[in-house]
Amino acid sequence: MTTAVLTARPGAALRGCLRVPGDKSISHRALILGALATGRTTVTGLLEGEDVLATARAMQAFGADVVRTGEGAWTMDGKGGFSEPADVIDCGNAGTGVRLIMGAMAAFDIVATFTGDGSLRKRPMGRVLEPLGRMGATWIAREGGRLPLTLKGGGLSALTYTLPMASAQVKSAVLLAGLGATGPVEVTEPEPTRDHTERMLKAFGAELTVADHNDRRVVTLQPGARLTGSVVAVPADPSSAAFPIVAALVTPGSEVTVEGVMLNPLRTGLFDTLREMGADLTITNRRDASGEEVGDITARHSALQGVIVPPGRAPSMIDEYPILAVAAAFAAGDTVMRGIGEMRVKESDRIALMAAGLEACGVDVEEEPEGFIVHGTGAAPRGGALVETHGDHRIAMSHLILGLAAREPVRVDEPGMIATSFPTFAGLMRGLGGDISEG
Ligand code: S3P
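In this report, we go over the structure that sits alongside the text.

This next bit is on the sheet that holds strand S4 (residues 65-70). Paired through their backbone hydrogen bonds, the strands of a sheet run either parallel or antiparallel. Reading across the sheet, the four strands line up as S4-S5-S3-S14 and stay open at both edges, with mixed pairing between neighbours. Sheet topology places S4 and strand S14 (231-233) at the edges, where each strand pairs with a single neighbour. Direction aside, the axes of adjacent strands within the sheet are offset by 15° on average. In the packing of helix H1 (residues 24-36) onto the sheet, the strands contacted are strand S3 (38-44), strand S5 (73-79) and S14, and the crossing angle to S5 comes to about 35°.

Rendered as structure tokens:
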């Protein structure tokens, strides 16, 4: 039975040590590269959330042998390429899944039809179809390049492409398609975005260079690489760690340590921002895990101050603005978040929904076309609302964290969607002493 509502009630301080699930971005990429490679790929720490499980099923449909051998432990036997799937590929709620898989399949002379849930069917796919089309792929899609759509790959040519927006998904789709192109693909980014595809392509044997041209990051992939199965240890997801960390910062008396969190600098903008707000965050035990730096992050309850978040930092924390807005609601003064129009095309319009949810909880928010300003008072907000999440996992988790430290309980609808990225969220928060329950 699916729960209609989850409620977070204010109360105890949060204390303890926890591990959050594996990084979602790396989990999708491990499955896709494992399926493209020849030979065995062994993955540990895979995020077993709905989004990633949809990608695992898709990789099976494209011909890879994908086997779960234990908790977070998977083996993939790739066939060195994709074969044509017999049925429609349903990527569920996952924008990363569908966009990366479309790029990967475009490298092969096959046809596939993609769909997803109600949220994914509203999201723009033209941003991926446009560069794939320039390379030679063809498609039929709904108005505005929406899912469901049918893509035909194969016969791709070289491409020199400047991304119109900072998007790791679009960059990754072009690079993956480039594996099957007749010449190099060169992608220039307006701002550096997460570089997991680049790092992992190299680890699987691709020839790829990263350079700076006029202050812009340029990634060049040489065609014809034969990817070889590899070993991937997925580190803990900083985007999930953000929730218990902010919970500890805003709940009096709290001290929480999240272990083994990935510290790739293209993902840690939230932690920099929280520190600027006066957060007591310490990172210990920094170490390397499968080519990514990880560390244990300890957060203690802190008196936060509002800040202006530099717009250029957006790509390194694009999924973290909802939970930053919650921290801002407890801070003294204004927190200004601008240059984040991309938030409007995530699993929901996150600017609109955060503004509405926080307002419903008694927080003063000013919405702008490409950002928002949270007017914090330095005291716990009222809470006491049922927040509409529109099926967006991060909107749900952010408001539940607010409810743990607000003056009155906060309820969220459609909490089942939390399982797309962080299936253990409620249990882990309860383990720290947080009062989150059904109904
Ligand atoms: C992701 C990139 C980001 C992010 C998403 C994961 C990735 O999306 O919001 O959750 O794994 O490449 P965009 O590339 O659309 O910014």
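Attention now goes to the packing of aromatic side chains. Pairs of aromatic rings are described using the distance from one ring centre to the other and the angle between the two planes. Evaluated as defined, the whole model comprises five aromatic pairs. Seen from their ring centres, Phe422 and Phe425 are 5.5 Å apart, and the 70° between their planes marks the pair as edge-to-face. Residue Phe422 is classed as buried on the basis of its relative accessible area of 0%. Here Phe425 falls in the buried class, since its relative accessible area comes to 0%.

By the secondary structure assignment, Asn93 is in the loop between strand S6 (89-90) and helix H3 (95-106). A distance of 2.9 Å separates the side chain of Asn93 from the side chain of Asp117, its partner in a polar contact. Excluding anything up to four places from it in sequence, Asn93 contacts Asp51, Asp117, Ser119, Leu120, Arg123, Glu347, Gly391, His393, Met417 and Thr420.

With that settled, the discussion passes to the packing of helix H9 (residues 321-330) against helix H10 (residues 350-360). In helix packing, the relevant descriptors are the interaxial angle and the interaxial distance, both defined with respect to the helix axes. Contact geometry of H9 with H10 gives a least axis separation of 10 Å together with a crossing angle of 30°. Considering the angle they form, H9 stands roughly parallel to H10. The crossing of H9 and H10 is right-handed. The residues of H10 that touch H9, namely those facing Pro322, Ala325 and Val326, are Arg350, Met354 and Leu358.

Quick look at the sheet that holds strand S20 (residues 364-368) now. Reading across the sheet, the four strands line up as S18-S19-S21-S20 and stay open at both edges, with mixed pairing between neighbours. Looking along the sheet, the strands with just one partner apiece sit at the ends: strand S18 (308-309) and S20. Sheet topology places S18 next to strand S19 (residues 332-338); two bridges connect them, and they run parallel. Residue pairing for S19: Val309 is matched across the bridge by Met337. Set on the sheet, H9 makes contact with S18, S19 and strand S21 (371-377); between it and S21 the angle comes to about 30°.

Conventions adopted
- Residues numbered from 1 in each chain as written.
- Predicted model: local features only at pLDDT ≥ 70, side-chain atom pairs only at ≥ 80, totals over all residues.
- Heavy atoms only, no water.
- Pairing = 2+ DSSP bridges.
- Helix = DSSP H or I, 4+ residues; strand = E, 2+ residues; numbered from the N terminus.
- Axes fitted to C-alpha atoms, helices over the stretch in contact; angles between N-to-C directions.
- Contact = heavy atoms within 4.5 Å.
- Phe/Tyr/Trp six-rings, centres within 6.5 Å; stacked < 30°, edge-to-face > 60°.
- Buried < 20%, exposed > 50% of the residue type's maximum accessible area, 1.4 Å probe, protein only.
- Polar contact = N/O pair within 3.5 Å; in protein donor to acceptor, adjacent residues only side chain to side chain.
- Parallel < 35°, antiparallel > 145°, perpendicular 65-115°, else oblique.
- Left-handed = near helix turned anticlockwise from the far one by under 90°.

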